[in-house]
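# A closer look at the structure
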Amino acid sequence: MSIRTGRHFLQIPGPTNVPDRVLRAMDYPTIDHRGPEFSKLGSEVLEALRPAFQTRGPVIVYPSSGTGACEAAMVNTLSPGDRVLIMETGWFSHVAWRHQAEKLGLQVEYAPGTWRRGVVPEEVEARLSADADHSIKAVIAVHNETSTGVTSRIADVRRAMNAARHPALLIVDTISSLGSIDFRHDEWEVDVTVAGSQKGLMLPPGLGFNAISEKALAASRKARLPKSYWEWEGILKPNANGFFPYTPATNLLYGLREALRMLNEEGWANVFRRHQRYAEATRAAVQAWGLEIVCEDPREYSSSLTAIYVPEGHDADRLRSTILENFDMSLGAGLGKLASKVFRIGHLGSFNDLMLVGTLGGVEMGLRLANVPHKDGGVMAALESLTVADRKPEAVLS
Ligand SMILES: Cc1ncc(COP(=O)(O)O)c(C=O)c1O
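Residues numbered from 1 in each chain as written. Predicted model: local features only at pLDDT ≥ 70, side-chain atom pairs only at ≥ 80, totals over all residues. Heavy atoms only, no water.

What follows deals with the pairing of strand β12 (residues 305-309). Counting buried positions along β12 gives 5 out of 5 residues, so the element sits mostly inside the fold. Along β12, one buried face is formed by Leu 305, Ala 307 and Tyr 309 and the opposite face, lined by Thr 306 and Ile 308, is buried too. Both strand β11 (residues 292-293) and β12 contribute to a ladder of 2 bridges, which runs antiparallel. By the bridge assignment for β12, Glu 292 is matched with Tyr 309. Where β12 meets strand β14 (residues 342-346), 5 bridges bridge the pair, whose relative direction is antiparallel. In the sheet register, Leu 305 faces β14, and the bridge partner there is Gly 346. (Buried < 20%, exposed > 50% of the residue type's maximum accessible area, 1.4 Å probe, protein only. Helix = DSSP H or I, 4+ residues; strand = E, 2+ residues; numbered from the N terminus. Pairing = 2+ DSSP bridges.)

Listed below in structure tokens is the structure:
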């Protein structure tokens, strides 16, 4: 039996570390979800969520995982047999979107991708321009592909859709970017933004979100895919008074209220900058180790996680288990075709400089113990990156 001391390092790209302040905020008696106290809680949380999505419109909160919120986005806006254009970015464009869409009876046009790049805006424009009779009803993109650490340029995707003068809805999965990477629902004219509680929002798993545009709301009035639990309309009505049509996840909402307060106190620009600093420092470490990052295009580097190849002939899962056994740290596994080839470092959510240094220290020691060929100096490179004058935390917070 191994004895564990100190805290476990949960450095998978979600669920992330839940701050003590959020844990304490949930440690209260569950209240009557039809009573006046709940109405205040519900109204406050629904209002406070808007800045997180950079929207003035409504945000639906489901007691669900992110996958549920993906299904909700589709069943509320689409009808049986509708064509949807899904851009292949990795495991999540595949399982969360393509598979679900097919099971729901949608016709999926799955635009192939290499898993090393994000959505190619020019390709979206070309495919939409070729769809002269506008049979494509929605374009679906994963903002931050959690399996690869590649962040798609959604503003450019929107520009491409407008350039093609195509009326398709834009549905975007921000499950591993919301609260970590700048995302603008209104400015980028996103119709449904899908998110979850367990990553940038620093909560335990259990809440799914749909931020919805006027256009999405109008589409939902005509959409014919079967739905009941997920139906927006039946939720929006009681939401106007802070209530839900079913028993909500009351204690998670206490936590969400606290997490949003924390993010507001830090300031959203600082939150995004903090995540960028950790991603830059992580890449500096990877480069010094002489290892390869999955993301090929520097414009698409993810701020919330970094996916790293182990050299040919080595097993990333063996490296991860060595690190777990020796240092009590969990890292993300390679998913789908990247299984055992890649490990992923999550650097999102409630996370600070010393946690990053500890994380990278654990990886560097693991590389040695597992005999994975690498060069020394990754942690030192990260320290350099973190202490460059204009990137010190003081500068971030000022
Ligand atoms: C980008 C993305 N989409 C969808 C999902 C599925 O979310 P969940 O596991 O909460 O159902 C995840 C989960 O990690 C994800 O990262």
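Resuming the write-up.
In a beta sheet, neighbouring strands pair by backbone hydrogen bonds and run either parallel or antiparallel. Spatially, the 5 strands line up as an open sheet ordered β1-β13-β14-β12-β11, and their pairing is mixed. Taken across any chain shown, the strands that pair with only one partner, and hence form the sheet edges, are β1 (9-11) and β11. Pairing of strand β13 (residues 329-333) with β14 involves 2 bridges; the strand directions are antiparallel. For Gly 332, the partnering residue across the bridge sits in β14 and is Arg 344. Set on the sheet, helix α11 (residues 316-327) makes contact with β13 and β14; between it and β13 the angle comes to about 165°. (Contact = heavy atoms within 4.5 Å. Axes fitted to C-alpha atoms, helices over the stretch in contact; angles between N-to-C directions.)

Here we take up the pattern of salt bridges. This model, assessed by the stated rule, comprises 30 salt bridges. Taking the shortest distance from any N to any O, the salt bridge between Arg 21 and Glu 258 comes out at 2.7 Å. Of this pair, Arg 21 sits in helix α1 (residues 20-26) while Glu 258 sits in helix α9 (residues 250-266); the two residues are 237 residues apart in sequence, bridging distant segments of the chain. Note on Glu 258: relative accessible area 13%, which makes it buried. Here Arg 320 ties to Asp 317 by a salt bridge, and the two come within 3.3 Å at their closest N and O atoms. (Salt bridge = Lys/Arg side-chain N within 4 Å of Asp/Glu carboxyl O.)

Here helix α5 (residues 121-130) has its buried residues at Pro 121, Val 124 and Leu 128. Buried residues of α5 fall within an arc of 55° about the axis and therefore sit on the same side. Along α5, exposed side chains directed more than 90 degrees from the buried face belong to Glu 122 and Ala 130. Where α5 is buried, its residues contact β3 (83-87), β5 (136-142) and α6 (154-163). (Arc of directions from axis to C-beta.)

Another aspect to go through is the packing of α5 against α6. Packing of α5 against α6 brings their axes to within 8 Å, and their N-to-C directions diverge by 25°. What the angle tells us is that α5 and α6 run roughly parallel. For the crossing formed where α5 meets α6, the hand is right-handed. Each of Pro 121, Val 124, Glu 125 and Leu 128 in α5 lies in contact with α6, whose residues at this interface are Asp 156, Val 157, Ala 160, Met 161 and Ala 163. Across the contact of α5 with α6, the residue classes break down as 7 nonpolar, no polar and 2 charged. (Parallel < 35°, antiparallel > 145°, perpendicular 65-115°, else oblique. Left-handed = near helix turned anticlockwise from the far one by under 90°. Nonpolar A, V, L, I, M, F, W, Y, C, P; charged D, E, K, R; others polar.)

This next bit is on the packing of α9 against helix α10 (residues 268-289). Their axes nearest at 5 Å, the elements α9 and α10 cross at an angle of 90°. Taken together, the axes of α9 and α10 lie roughly perpendicular to each other. Across the interface between the two elements, Leu 263, Asn 264 and Glu 266 of α9 pack against Trp 268, Asn 270, Val 271 and Arg 274 of α10. Across the contact of α9 with α10, the residue classes tally to 3 nonpolar, 2 polar and 2 charged.

With respect to the element layout, Asp 315 can be found in the loop between β12 and α11. Classification of Asp 315 by relative accessible area gives partly exposed; the value is 36%. Sequence separation between Asp 315 and Val 342 is 27 residues; the distance between their C-alpha atoms is 8.2 Å. With near-sequence residues (within four places) excluded, Asp 315 lies in contact with Val 310 and Ser 340. From its side chain, Asp 315 meets the backbone nitrogen of Asp 317 in a polar contact 2.8 Å long. (Polar contact = N/O pair within 3.5 Å; in protein donor to acceptor, adjacent residues only side chain to side chain.)

Attention now moves to the pairing of β14. Of all 5 residues in β14, 5 are buried, a share of seventy percent or more. Of the two faces of β14, the one lined by Val 342, Arg 344 and Gly 346 and the one lined by Phe 343 and Ile 345 are each fully buried.

The next point concerns the site of the ligand. Neighbouring residues of the ligand: Ser 65, Gly 66, Thr 67, Phe 92, Ala 96, Val 142, Asn 144, Thr 146, Asp 173, Ile 175, Gln 198 and Lys 199. Ser 65 places a polar side-chain atom, nitrogen or oxygen, 2.7 Å from an oxygen atom of the ligand. Measuring from an oxygen atom of the ligand, one finds a side-chain N or O atom of Lys 199 at 2.7 Å. Within the complex, the protein chains bury 86% of what would otherwise be the 390 Å² of accessible surface of the ligand. (Near = heavy atom within 4 Å. Areas by Shrake-Rupley, 256 points an atom, 1.4 Å probe, with all protein chains shown as cover.)

The biggest cluster of nonpolar side chains holds 67 residues, and the ones touching the most others in it are Trp 97, Phe 209 and Leu 256. If you tally residues by element for this core, the top one is α9, at 8 residues. If we skip the residues at most four places from it in the chain, Trp 97 touches Cys 70, Ala 73, Met 74, Ile 86, Phe 92, Ile 140, Val 142, Ile 171, Asp 173 and Val 194. Within the second largest apolar cluster, 28 residues are counted, among which are Leu 291, Leu 360, Val 379 and Ala 382. (Core = buried A, V, L, I, M, F, W, Y, C linked by side-chain atoms within 4.5 Å.)

A few words on the packing of aromatic side chains. Counted according to the given criterion, the structure contains 12 aromatic pairs. Centre to centre, the rings of Tyr 229 and Trp 230 are 5.0 Å apart; their planes meet at 75°, and the pair counts as edge-to-face. Here Tyr 229 falls in the partly exposed class, since its relative accessible area comes to 36%. Using a relative accessible area of 14% as the deciding quantity, one classes Trp 230 as buried. Among the aromatic residues, those joined into a cluster by ring pairs are Phe 38, Tyr 62, Tyr 229, Trp 230, Phe 243, Phe 244 and Tyr 246. (Phe/Tyr/Trp six-rings, centres within 6.5 Å; stacked < 30°, edge-to-face > 60°.)

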